[in-house]
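Structural features, examined
If you want the building blocks of each chain, they are given just below.
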Amino acid sequence: GLTERLQGAMRKLRGKGKISEKDLRETMREIRLALLEADVNFTVVKDFVKQVRDRAMGADVLEGLNPAQQIVKIVDEELTKTMGDEAVSLNKSPKIPTIIMMVGLQGAGKTTTAGKLALKLKDEENARPLMIAGDVYRPAAIDQLVQVAEGIDVPVFQLGTDVNPVEIVRQGLAQAAENHNDYVIIDTAGRLQIDEQLMNELSEIKDLAHPDEILLTVDAMTGQNAVATAEGFNDKLDVTGVVLTKLDGDTRGGAALSIRAVTGKPIKFIGQGEKMTDLDVFHPDRMASRILGMGDMLSLIEKTQKDFDEKQAKALTEKIQENSFDFDDFLDQLEQIQKMGPMEEIMKMIPGMANNPALKNVQMDPKDMDHLKAVVYSMTPQERANPDLLNPSRRRRIAAGSGRPVQAVNRMIKQFNQMKKTMNQMSKGNMAGVEQMMGS
Ligand code: GDP
Ligand code: MG
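- For the protein chain, an unreviewed UniProt entry supplies the name Signal recognition particle protein and the organism Levilactobacillus tangyuanensis.
- Per UniProt, the comment on the protein chain under Subunit (unreviewed entry) is "Part of the signal recognition particle protein translocation system, which is composed of SRP and FtsY."
- Per its UniProt entry, the protein chain bears the Subcellular location (unreviewed entry) comment "Cytoplasm".

This is the structure:
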């Protein structure tokens, strides 16, 4: 994958006190190949490589301190810039409703994303969205939207498959006005590829609805095609933003790198799974770190904090910094983590874990979590608050109480102590990710 290739390219620089122009040229060649192989657009690659090379040659980087780390930093910054630098938020109308129109090819994820977005707006703004079922070409499309909407408790306006979608949208908007919905999300039809009939229909809907946001939904797994599609839709509809879906797979951002540069339109959201909660704001800097395999620590923190009281989070940070994180905190964390989703996904967001071969096929059994909890529940409050109390006889008692072998209890306590140490180190904000990557 892209990450391994980029890491490989830069690993060759490590340990070199000085980097010659030849070393740099070789590294840039490998970076270029890695990006092309990851299906990044040719022109984007060319510009990117030029930027990195110019900066690396420019400011005494090669002769300076830690040239290899500086080059990683430059690559990270240029990746971020290529993807637009800053997160761009949803366009909002000064008066309700804000109208969002989903467009994209069939199967890209429009309907799913419409639901995810509605849920996000409900959760974050207490919004009252209305969804309009504008895909009339397959009866199953309306059923699917209705099902999605029921799951998140959002109303759908639909007139079946016999009415022209433009008319459906017109009536849907009237209904939204009557009900004072603050958002309208229009789900539209897709095709297997761009065709004129579809574009005309979408243009008509656009002219009628004057959407504040036309969100082009693209499947990140389709690589260069995703970019071609984005260009096609953008030429016809002048979209306002892009949602990149299916970034939960093995795709590591080839499309993310091209789309902004090729269309000039910001990626606003990324879809990272099939669940309704799997939609995140797109942060170019975090995606850059992820592409470089430095983990996605910030997203992880944000994900944790979503269902997490801020005060609690602050207290936890302090505890980690004071190194007084105990088993009660551990239990809270386990419960938070269980709420967040599959453990494998979460682990991949931790720096150094993303490409850890040991994690390639890891499947974490939810039973393991329950075992961990059982062990903590068998501790006395004093033991939880003060893990140093856990001498062998207490450990035996806990093992008996939790129905776990004493070795398992020992192993868990050892892992807890390691985790505590790692968290404490990470909280000191060192450049662990970069250093680990450079092997120093
Ligand atoms: P539409 O034809 O554009 O409306 O696409 P759908 O919303 O029906 O999505 C097509 C398929 O992609 C469905 O099976 C979705 O569950 C799936 N899907 C959508 N977004 C994501 C995503 O971010 N990750 C994954 N893994 N699957 C997704
Ligand atoms: Mg659909």
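Thoughts on the nonpolar core
- With 85 residues, the main nonpolar core has Ile100, Met131, Val184, Ile185, Ile186 and Leu244 as its most contacted residues.
- Split by domain, the residues of this core number at least three in each of domain 1 (2-82) and domain 2 (98-293).
- Phe327, Met379, Ile398 and Val409 belong to the second-largest nonpolar core, a separate cluster that totals eight residues.

Regarding the site of ligand 1
- Near ligand 1 you find 19 residues, and of these Gly109, Lys110, Thr111, Thr112 and Gly271 are the closest.
- For the shell around ligand 1, the element with the most residues is helix α5 (residues 110-125), which contributes three residues.
- Residue composition of the shell around ligand 1, grouped by class: one nonpolar, 13 polar and five charged.

Quick look at helix α4 (residues 67-82)
- Look at α4: 22 Å from first C-alpha to last across 16 residues, which is about the 22 Å you get at 1.5 Å a residue.
- Considered for burial, the residues of α4 that qualify are Pro67, Ala68, Gln69, Ile71, Val72, Val75, Leu79 and Thr82.
- Note on α4: the residue one or two positions beyond its end, Gly84, has a positive phi of about 110 degrees.

Regarding unusual backbone geometry
- The peptide bond linking Ile96 to Pro97 adopts the cis configuration, its omega dihedral lying at -5 degrees.
- Assignment of secondary structure puts Pro97 in the loop between α4 and β1 (98-103).
- Non-glycine residue Asp85 carries a positive phi angle of around 70 degrees.
- Looking at the element boundaries, Asp85 is found in the loop between α4 and β1.
- By the C-beta count within 10 Å, which is 15 here, Asp85 ends up partly exposed.
- Backbone geometry at Lys246 places phi at a positive 60 degrees, although glycine is not the residue there.
- Looking at where Lys246 falls in the secondary structure, it is placed in the loop between β6 (241-245) and α10 (254-263).

Focus on the packing of helix α3 (residues 42-58) against α4
- Two elements in contact, α3 and α4, have axes separated by 10 Å at closest approach and are oriented at 140 degrees. Here α3 lies oblique to α4, going by the angle between them. Seen from above, α3 lies across α4 with right-handed handedness. Taken together, the residues of α4 that come into contact with α3 (itself represented by Val44, Phe48, Gln51, Val52, Arg55 and Ala56) are Ile71, Ile74, Val75, Glu78 and Thr82.
- Split into classes, the residues belonging to the contact of α3 with α4 amount to seven nonpolar, two polar and two charged.

Conventions and cut-offs
Residues numbered from 1 in each chain as written. Chains lettered and ligands numbered in written order. Predicted model: local features only at pLDDT ≥ 70, side-chain atom pairs only at ≥ 80, totals over all residues. UniProt positions renumbered as here; feature names shortened; annotations may be inferred. Core = buried A, V, L, I, M, F, W, Y, C linked by C-beta atoms within 7 Å. Buried ≥ 20, exposed ≤ 12 C-beta atoms within 10 Å, placed from the backbone. Domains from an automatic or database assignment. Near = placed C-beta within 6 Å. Helix = DSSP H or I, 4+ residues; strand = E, 2+ residues; numbered from the N terminus. Nonpolar A, V, L, I, M, F, W, Y, C, P; charged D, E, K, R; others polar. Expected span 1.5 Å × (residues − 1). Axes fitted to C-alpha atoms, helices over the stretch in contact; angles between N-to-C directions. Parallel < 35°, antiparallel > 145°, perpendicular 65-115°, else oblique. Left-handed = near helix turned anticlockwise from the far one by under 90°. Contact = placed C-beta atoms within 7 Å.

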